[in-house]
Every structure is written in structure tokens, then in C-alpha cells.
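A closer look at the structure
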Amino acid sequence: MNEAKKVAIVTGGATGIGLAISLQLAQDGYIVVVNYHSSAQAAQDLVKQIQANGGQALAVQANLSKVTEAEKLIQTTLETYQRLDVVVNNAGITDDTLMLRMSETQFDRVIETNLKGVWAMCKYALKPLMQAGQGRIINIASVAGMMGNIGQANYAAAKAGVIGLSKTLAREMASRNLTVNVVAPGFIQTNMTANLSPQIKEAAIAMIPLKRFGLPEDIAQMVSFLASNKAQYITGQTFVVDGGMTMY
Ligand code: NAP
């Protein structure tokens, strides 16, 4: 990039899929604001790694289940770099159990982080992204939000909500050249899937035509494309990256 460097925020950017996205966007030439909640050491290590590779990055703590902290994350980014070009809403949690046993707290906790957190980040990012002239929002949902998943009524509802929110924002923001897209991963090798029992992993792989879990980098490549100029005519879409597990 010849002009001033573009700035990207990656929420939950210090671990798993977010880590791969942060590294990829840094490699693509962005200044990366790595948001973390509890993984302070991982975030600092990642910033050092990006800097060692000649890039620029900043770790910023924020609990995105709180709207005020999302607002603060955007403010810190603007105070530090005076611009915002890309927001990748990747932060997410699971709290799985069958609907019959799911408490209101379990439902609310997942909705607050995975859906309301995305809403809050989008709300406070819109103005600077409009000013950027070709802003990008990329939201990480899940195939669970499209097909449902046993034990994930809270998670699937939140991820389906993210898809609806993204389509609406894509329509509202198109006239400002701000695109909004969704990446819906299938099973990806991260902490989130590390504790699945061997039986569940085996059953999952049996459903995946490419016969393996995806890597965080498989998602990062799609995000990199959607953030780039190559994707300038794409908005309001959901891109499934799942080794062929779901085909409609
Ligand atoms: P992960 O390693 O557990 O990452 C989750 C990230 O979310 C962590 O970096 C965590 O930050 C952050 N986070 C959680 N609560 C937060 C909060 N309140 N405020 C700010 N950040 C918060 O799992 P992952 O697999 O990479 O997940 C990344 C995204 O992909 C999630 O949205 C997930 O739903 C989605 N996804 C994953 C899979 C999969 O198979 N792995 C499949 C479909 C979709 P800290 O570590 O700093 O707390």
C-alpha cells in the first residue's frame, strides 16, 4: 500500500481464528488493533511477532459483552491512529447444553457476547468506517447459525442474528461504499473445538467431504479477500468455509 496505512480491528484477535486473521491482515499491510478480553500475554506476544515482521499492531483489552467497552475500543483506535478501515468481529464464546437444561443466564451470556457485542462494535465503528471511504465490516458467524446444532440454541440464535444484522447493515451502508459480509466457519481447529470428545470429532469428520477440520488460516484467507479491493462489489453475503460440510 502506498498511501497511509489502513487500520483494522480484530476482536478476539489474540487466539485461534482471530490470531490467524490478525497475522494475515498485518501481512496484507494493515495496522492491526488486536482486541483481547482475557488473553493479555497472547496479545502482547502477537503484537511483538507482528512488529518483528515489520508490521504495526496494538493490543487493546475490552470485554465486548459490555457496550461501553466496545465504544472505548473504537475510541482508543481512533485516538491512536486517526482512522479505521476494517472491523473483523471475531470474538465469540460457547456455553453448550440441551435446551431443556439451558438457563436464562447461559442464553443471555452467549447472546450478549456473540450478538450484542457485534451490534455494539458495528454501531460505534460506522462513522469512522464511512469516513474511510471504502470501509469493511466482516463478521464471523458459524454454520450453526444456518443449520442449527444440538446443544447450541443460544449460540445458533446469536450467529443467525449476526447474519441478519449484517444483511441489514449491508443495505443501510451500501450508499456509503461500506460493505458488510459474514464468514461462517464449520469445524476449525482451535480452543473452541479442542475439548470435543473423540466420538464427536469422528462423527463431525464423517460429515465433512474434505475429511478434516479446517485451520484458522482457512478462515483468515477469506477475511483477507473480503477486506481487499478484490471484494469491492460484494456485500450482504455469507461465505461458508467448512470443507463442504453444508451444501445448499
Ligand atoms: P477461541 O480461540 O476460543 O477464540 C475466541 C476469542 O473470543 C478469544 O480470543 C477471546 O478472547 C474472544 N472473546 C471471548 N469473549 C470475549 C469478550 N467478552 N470480549 C472480547 N473478546 C472475547 O475460538 P475460535 O474458534 O478462534 O473462535 C473465533 C470465532 O469463530 C468465534 O466467533 C466462534 O464462534 C467462531 N467459530 C469458530 C468455529 C470453530 O470451529 N472453532 C466454528 C464456527 C465459528 P480472550 O482469549 O482474550 O478472552
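Coordinates for the structure precede this section.
All of these numbers come straight from a predicted model, not from anything done at the bench.

**Focus: the overall build of the protein chain**
Per the secondary structure count, the protein chain includes nine helices and seven strands. The C-alpha atoms of the protein chain give a radius of gyration of 17 Å, which matches the 18 Å a tight globule of 248 residues would have. In terms of overall dimensions, the protein chain has a C-alpha envelope of 50 × 35 × 35 Å along the principal axes. Counting all 248 residues of the protein chain, 49% fall into the buried class.

**Structural notes on the site of the ligand**
By nearness alone, 30 residues border the ligand, and Ser 38, Ser 39, Asn 90, Tyr 155 and Thr 190 come closest of all. A distance of 2.8 Å separates an oxygen atom of the ligand from a polar backbone atom of Ile 17. Within the backbone of Gly 186, a nitrogen or oxygen atom sits 3.3 Å from an oxygen atom of the ligand. Considering the ligand on its own, with 890 Å² of exposed area, one finds that the protein chains cover 92% of that surface. Those elements giving two or more residues to the shell around the ligand turn out to be helix 1 (16-27), strand 2 (31-36), helix 6 (153-173) and helix 7 (191-194). Among the residues making up the shell around the ligand, the classes are represented as 13 nonpolar, 16 polar and one charged.

**Examining the sheet that holds strand 1 (residues 7-10)**
With parallel pairing, seven strands are arranged side by side in an open sheet as 3-2-1-4-5-6-7. Edge strands, defined here as strands with exactly one partner in the open sheet, are strand 3 (57-61) and strand 7 (238-241). Geometrically, the sheet is characterised by an average inter-axis angle of 20 degrees between neighbouring strands, direction not taken into account. Bridge analysis of strand 4 (residues 86-89) against strand 5 (residues 136-140) gives four bridges, and the strand direction is parallel. Residue Val 88 lies in a different strand from strand 5, and its bridge partner there is Ile 138. Lying on the sheet, helix 1 is in contact with strand 1, strand 2, strand 4, strand 5 and strand 6 (179-185); it crosses strand 1 at an angle near 170 degrees. Packing of helix 4 (residues 104-132) onto the sheet brings it into contact with strand 1, strand 4 and strand 5, and relative to strand 4 it is tilted by some 175 degrees.

**Here's the deal with unusual backbone geometry**
The backbone of Asn 177 shows a phi angle near 60 degrees, a positive value even though the residue is not glycine. Tracing the sequence through the fold places Asn 177 in the loop between helix 6 and strand 6. You can call Asn 177 partly exposed: its relative accessible area is 39%.

**Description of the nonpolar core**
Judged by nonpolar contacts, the single largest core of 32 residues is most densely connected at Leu 73, Leu 84, Met 121 and Ile 137. Considering every element that reaches this core, the biggest residue donor is helix 4, with seven residues. Among residues more than four places away in sequence, those in contact with Leu 73 are Ile 9, Thr 11, Val 33, Asn 35, Val 60, Ala 62, Leu 64 and Met 121. Among the nonpolar cores identified, the runner-up in size contains 31 residues, and Ile 17, Ile 21, Val 47 and Leu 226 belong to it.

Basis of the calculations
Residues numbered from 1 in each chain as written. Predicted model: local features only at pLDDT ≥ 70, side-chain atom pairs only at ≥ 80, totals over all residues. Heavy atoms only, no water. Helix = DSSP H or I, 4+ residues; strand = E, 2+ residues; numbered from the N terminus. Rg over C-alpha atoms; globule rule 2.2 N^0.38 Å. Buried < 20%, exposed > 50% of the residue type's maximum accessible area, 1.4 Å probe, protein only. Near = heavy atom within 4 Å. Polar contact = N/O pair within 3.5 Å; in protein donor to acceptor, adjacent residues only side chain to side chain. Areas by Shrake-Rupley, 256 points an atom, 1.4 Å probe, with all protein chains shown as cover. Nonpolar A, V, L, I, M, F, W, Y, C, P; charged D, E, K, R; others polar. Pairing = 2+ DSSP bridges. Axes fitted to C-alpha atoms, helices over the stretch in contact; angles between N-to-C directions. Contact = heavy atoms within 4.5 Å. Core = buried A, V, L, I, M, F, W, Y, C linked by side-chain atoms within 4.5 Å.

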